[in-house]
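Structural overview
What follows is each chain in one-letter form.
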Amino acid sequence: MKLNYDVIVVGGGHAGCEAATAAANMGVRTCLVTMDMNKIAQMSCNPAVGGIAKGQIVREIDALGGQMGRVTDATAIQFRMLNRSKGPAVWSPRAQCDREKFIRRWRHELDNTDNLDIWQDQAEELLVENGTVTGIRTIWGAELKARCVVITAGTFLNGLMHIGRKMVPGGRIAEPAVSHFTESITRHGITSARMKTGTPVRIDRRSVHFDEMEIQEGENDFHQFSFMSEHRVLQQLPCWTCYTNKEVHDTLRSGLGDSPLYNGQIQSIGPRYCPSIETKLVTFPDKDQHPLFLEPEGETTNEMYLNGFSSSLPMNIQIEALKHIPAFRDIKVYRPGYAIEYDFFDPTQLKHSLESKVISGLFFAGQVNGTTGYEEAAGQGVVAGINAALLCGGSEPFVMHRDESYIGVLIDDLVTKGVDEPYRMFTSRAEYRILLRQDDADARLTEKAYNIGLAKRERLDHWLEKKRAIEEIEEFCMKTHIKAQEINPALEALGTTPLREGCKLIDLVSRPQLDMNKLAEIVPELRAAMNSPKNRKEEICEAAEIKIKYKGYIERERMVAEKMHRLENIRIKGRFNYSEMQQLSTEARQKLERINPETLAQASRIPGISPSDINVMLILMGR
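For clarity, every value in this text was computed on a predicted model and none was experimentally measured.

Re the sheet that holds strand β9 (residues 132-138)
If you walk across this open sheet you meet the 4 strands as β1-β10-β9-β8, and the pairing is mixed. With one partner strand each, in any of the chains shown, β1 (2-4) and β8 (123-129) form the two edges of the open sheet. The mean angle between the axes of side-by-side strands here comes to 25°, regardless of whether they run parallel or antiparallel. One ladder, built from 6 bridges, connects β8 with β9; its direction is antiparallel. Across the sheet, E129 pairs through a bridge with T132, a residue of β9.

Below, the structure is given as structure tokens:
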């Protein structure tokens, strides 16, 4: 059986779903190949979306015309904006979702996307002719032909699960591993290695003593992930917090001899920033307790997720340790935590479009590139899907710079620096955090996405309406004059310095003690200016206020970014024979030859490339 498409996407996880819908919505014939149509976009670990920097990525996916933000808003059972105590540059949305409803909503999106077919099967062999991908062959002998193939296989490639000394092949619990497919890729010169991740125990809520825990309520203001979707529609539920203790730690330590992480069973590297509970004990031996977060898996299920207790220790050790926590003294579990090892491919062998440098038309996205997290995977999936569609149409690739999006930072880090541990996005990885806020992802990306054909006219008009409203508020604040004698009593009551003379309203908005809502109470004209359009008042006012308050910081960071763009515009690929450049250090020659950067700016970000190496190349180019 032979099936012909423009784009084939292998894997129905978060990267695969975004890649498939992006390509199909750009008008190319697309097929999503997945092993189980009933586990589309499965949340293999915590059923939560967003978090520090991850939330910004989801906002960017939505601004581009991707689906994750809309699916999350439709299935959220708790929402919080993290980092509120800090500046808006690092505010990060996070939502706990109903796991089953999330899958069903994603399946609905796929079923109702034009140009998109789903084929339930398992990829076994990548088909390549003369250095160009031509399709895949499945375990059932179907040949699917395409001009582009996007690999988004997650943790399934030669996946191996661990609980204590017990090892079972699998891509995740109760699902088979994919054999042979990695080897069909690496035989063409693409290199692979192994990584490890893990997940915690799942608990029956009926066995939990919630009165022994601290409740953690969500927030229900106007914030959400999508710029366009309906506000949260499901019942909002609390989460709960508690701590481990000395007895828990002693029990866990008694099982370290059977831990796959410490008995030599697992050789690959796990995520630094989401370690197992046993890794925490070894790394921080002086700590008497570690926080745990008990989170619901859905509106109606009794299954709960114990965040902070990822483990691959023997199941009896995991359960016995948890019983030493008062809230869990009568604990019943659905299954223990486990670790999983899987194959990934060296991301430095990719272009910024996520197309392989080795095989034309082959794209990689998600955990197969060495990342961890649904959001990082989905962000890569959107970019891979866009660029596969563009390649089919003969258009230039779509690449975002580091000052345009967290997705751009993520991809640049991957293809420039590579990975030696599962990559997780943080706000600290971005040098232009003030430009990459969660509130302005639409300002940065929606018009670009419309121009390449992914964002539709409705989304563009939605952004343009918001843009006009923000500009009207800014203009009002710049033109409106405030008299000192009329406003000083109210300013003193609000705890801010009274005016010596009149000023423009924009000067008061800039004060840290004041905000738009407070000023609207004492400047009635401002309240009227803030009320259009009424259905988006809070979102637009917040965006306008941030632009006003942080104008100086934003402009200064933009100037720094524009200077770096000068190096981004100096293309060096194909202009040097690095192995013969004796002016460079041996390390620089080796890394430049291996990564073969596109631009001088990319070369400058490669670990081991010094400013003097960059200067040498500038001089040799006559610059």
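Resuming the write-up.
Digging into the packing of aromatic side chains
Inspection of the entire model under this criterion finds 6 aromatic pairs. Plain terms: the ring middles of F210 and W240 are 4.7 Å apart, the flat faces sit at 50° to each other, and that makes the pair tilted. Of this pair, F210 sits in the loop between β14 (192-204) and β15 (214-216) while W240 sits in strand β16 (residues 239-243), and the two are 30 residues apart along the sequence. With relative accessibility at 17%, the residue F210 sits in the buried group. Judged by centre distance (5.1 Å) and plane angle (50°), the ring pair of F345 and F364 falls under tilted. Placement of F345 in strand β20 (residues 338-345) and of F364 in strand β21 (residues 362-364) is noted, with a sequence separation of 19 residues between them. Both residues of the pair, F345 and F364, count as buried. The ring centre of F284 lies 5.9 Å from the NZ or CZ of K287, which sits over that ring. The ring of Y423 carries R429 above its face, with NZ or CZ at 4.2 Å from the centroid.

Let's talk about the pairing of β14
Among the 13 residues in β14, 10 count as buried, and that is most of the element. Pairing between β14 and β20: 8 bridges, direction antiparallel. Residue pairing for β20: R194 is matched across the bridge by D343. Sheet topology places β14 next to strand β19 (residues 333-335); 2 bridges connect them, and they run antiparallel. By the bridge assignment for β19, I203 is matched with V333.

A few points about the state of the cysteines
By the definition in use, this model includes 0 disulfides. No disulfide involves C31; its sulfur sits 13 Å from that of C17, the nearest cysteine. Just so you know, C242 is unpaired, no disulfide at all, and the nearest cysteine sulfur is the one on C239, 12 Å from it.

Some points on the pairing of strand β11 (residues 148-151)
Residues C148 and V150 of β11 are buried on one face, and the alternating residues V149 and I151, pointing to the opposite face, are buried as well. Here strand β2 (residues 7-10) pairs with β11 via 4 bridges, running parallel. From the neighbouring strand, I8 faces β11, where its bridge partner is V149. Pairing of β11 with β21, which is carried by 3 bridges, proceeds in the parallel orientation. Within β21, the position partnered with V149 by the bridge is L362.

What about helix α2 (residues 54-64)?
In terms of burial, α2 is a largely internal element, 11 of the 11 residues being buried. All of the buried residues along α2 are K54, G55, Q56, I57, V58, R59, E60, I61, D62, A63 and L64. Backbone geometry just downstream of α2 places G65 in the positive-phi region, at approximately 105°.

Some details on the confidence of the model for the protein
For the protein, the mean per-residue pLDDT works out to 95, and 100% of the residues sit at or above 70. The lowest-confidence element of the protein is β1, averaging 85 in pLDDT; the highest-confidence one is β21, averaging 99.

Quick word on the packing of helix α11 (residues 441-452) against helix α12 (residues 457-479)
Helix-helix packing: each pair is described by the crossing angle between the helix axes and the interaxial distance. Taken N-terminus to C-terminus, the directions of α11 and α12 make an angle of 145°; their axes are 10 Å apart at the nearest point. Taken as a pair, α11 and α12 cross one another with a handedness that is left-handed. Across from D442, A443, T446, E447 and Y450 in α11, the residues of α12 making contact are R457, R459, L460, W463, L464, K466 and K467. Considering only residue class, the contact of α11 with α12 consists of 5 nonpolar, 1 polar and 6 charged.

What to know about the environment of D440
Position of D440 relative to the elements: it lies in the loop between α10 (406-417) and α11. Along the primary structure D440 and I546 are separated by 106 residues, whereas in three dimensions their C-alpha atoms are 9.7 Å apart. Here the side chain of D440 touches R444 through a polar contact of 3.1 Å, side chain to side chain.

Notes on unusual backbone geometry
One non-glycine residue, N83, adopts positive backbone phi at about 70°. A positive phi angle, near 55°, is found at N130, a position not held by glycine. For N130, the position within the fold is in the loop between β8 and β9.

What about the side chain of H14?
When you line up the elements, H14 lands in helix α1 (residues 14-25). Engagement of the side chain of H14 in a polar contact is seen with the backbone oxygen of Q42, the distance being 3.1 Å.

Structural notes on the nonpolar core
Ranked by internal contacts, the top residues of the largest apolar core, which has 100 residues, are I136 and F181. At 11 residues, helix α9 (residues 374-392) tops the list of elements feeding residues into this core. Beyond its immediate sequence surroundings of up to four residues, I136 is in contact with I8, V10, V33, A123, E125, L126, L127, A142, E143, L144, V149 and F181. Counting 26 residues, the second largest nonpolar core, distinct from the first, contains C477, I487, A520 and C541.

About the thresholds
- Residues numbered from 1 in each chain as written.
- Predicted model: local features only at pLDDT ≥ 70, side-chain atom pairs only at ≥ 80, totals over all residues.
- Heavy atoms only, no water.
- Pairing = 2+ DSSP bridges.
- Helix = DSSP H or I, 4+ residues; strand = E, 2+ residues; numbered from the N terminus.
- Axes fitted to C-alpha atoms, helices over the stretch in contact; angles between N-to-C directions.
- Phe/Tyr/Trp six-rings, centres within 6.5 Å; stacked < 30°, edge-to-face > 60°.
- Buried < 20%, exposed > 50% of the residue type's maximum accessible area, 1.4 Å probe, protein only.
- Lys NZ or Arg CZ within 6 Å of the ring centre and 35° of its normal.
- Disulfide = S-S within 2.5 Å.
- pLDDT = per-residue confidence, 0-100.
- Left-handed = near helix turned anticlockwise from the far one by under 90°.
- Contact = heavy atoms within 4.5 Å.
- Nonpolar A, V, L, I, M, F, W, Y, C, P; charged D, E, K, R; others polar.
- Polar contact = N/O pair within 3.5 Å; in protein donor to acceptor, adjacent residues only side chain to side chain.
- Core = buried A, V, L, I, M, F, W, Y, C linked by side-chain atoms within 4.5 Å.

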